[in-house]
Amino acid sequence: MASVNKVILIGNLGQAPDVRITNSGIKVAEISIATSSYYNRDNERVEKTTWHTVTLWNKLAEIVERYTGKGSSVYIEGRLETEKWVDSNGQNRYTTKIIAESIQLLDKRTR
């Protein structure tokens with residue numbers, strides 16, 4: 001049976017992209033994107049912001065490095081990936097990230 005692992009986000013960068021080159025010479029960028037949702041509590045509109053960590057490789061990393069900065073609006077399509085790691089106390093921990101497969105810049109702002 002087929003399966004789907006698809007994430008679509010529209011949000012704003014919380015800070016400038018963190019870009020680095022791997023030991024094998026591949027460019028990788030990590031960005032933090034804020035998305036907001038709203039709900040009513042006691043007849044008052046409340047905003048809830050969720051932060052998402054997105055990893056971009058190669059050409060996508062170059063695009064975010066060159067054309068985005070803190071506050072930039074982006075549309076991301078990608079997939080979820082969970083990494084297992086061990087903390088300093090020897091406990092297993094898990095981190096879920098979004099691996100970007102495409103990006104669209106939604107504003108004309110440059111860094």
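A.B. asks: Account for helix H1 (residues 58-67), naming residues and giving values.
C.D. replies: Those residues of H1 not exposed but buried are Leu 60, Ala 61 and Val 64. Down the axis of H1, the smallest arc covering the buried residues is 100°, so these residues share one side. Away from its buried face, by an angle of more than 90 degrees, H1 presents the exposed residues Lys 59 and Arg 66. The secondary structure elements touched by the buried residues of H1 are strand S3 (27-41), strand S4 (44-57) and strand S6 (92-105).

A.B. asks: An account of unusual backbone geometry is requested, with residue identities and associated values reported.
C.D. replies: Phi at Asp 42 is positive, roughly 55°, even though this residue is not glycine. Structurally, Asp 42 is set in the loop between S3 and S4. Phi is positive for Asn 58, which is not a glycine, with a value near 55°. Its place among the elements puts Asn 58 in helix H1. The exposure class assigned to Asn 58 is partly exposed, which follows from its relative accessible area of 41%.

A.B. asks: Residues and numbers for the packing of aromatic side chains, please.
C.D. replies: Summed over the entire model, instances satisfying the criterion amount to 0 aromatic pairs. The ring of Tyr 38 is capped by Arg 45, whose NZ or CZ atom sits 3.9 Å from the centre of that ring.

A.B. asks: Can you explain the side chain of Thr 55? Please cite residues and give values.
C.D. replies: Among the structural elements, Thr 55 can be located in strand S4. Excluding anything up to four places from it in sequence, Thr 55 contacts Val 28, Ala 29, Glu 30, Lys 97, Ile 98, Ile 99 and Ala 100.

A.B. asks: Lay out the pattern of salt bridges with the relevant residues and their values.
C.D. replies: Within this structure, the stated rule accounts for 7 salt bridges. Across the pair Lys 59 and Glu 62 runs a salt bridge whose closest N-O atoms are separated by 4.0 Å. Of this pair, Lys 59 and Glu 62 both sit in helix H1, separated by 3 residues, roughly a single helical turn. Of the residues examined, Lys 59 reaches a relative accessible area of 56% and is grouped as exposed.

Conventions and cut-offs
- Residues numbered from 1 in each chain as written.
- Predicted model: local features only at pLDDT ≥ 70, side-chain atom pairs only at ≥ 80, totals over all residues.
- Heavy atoms only, no water.
- Buried < 20%, exposed > 50% of the residue type's maximum accessible area, 1.4 Å probe, protein only.
- Helix = DSSP H or I, 4+ residues; strand = E, 2+ residues; numbered from the N terminus.
- Arc of directions from axis to C-beta.
- Contact = heavy atoms within 4.5 Å.
- Phe/Tyr/Trp six-rings, centres within 6.5 Å; stacked < 30°, edge-to-face > 60°.
- Lys NZ or Arg CZ within 6 Å of the ring centre and 35° of its normal.
- Salt bridge = Lys/Arg side-chain N within 4 Å of Asp/Glu carboxyl O.

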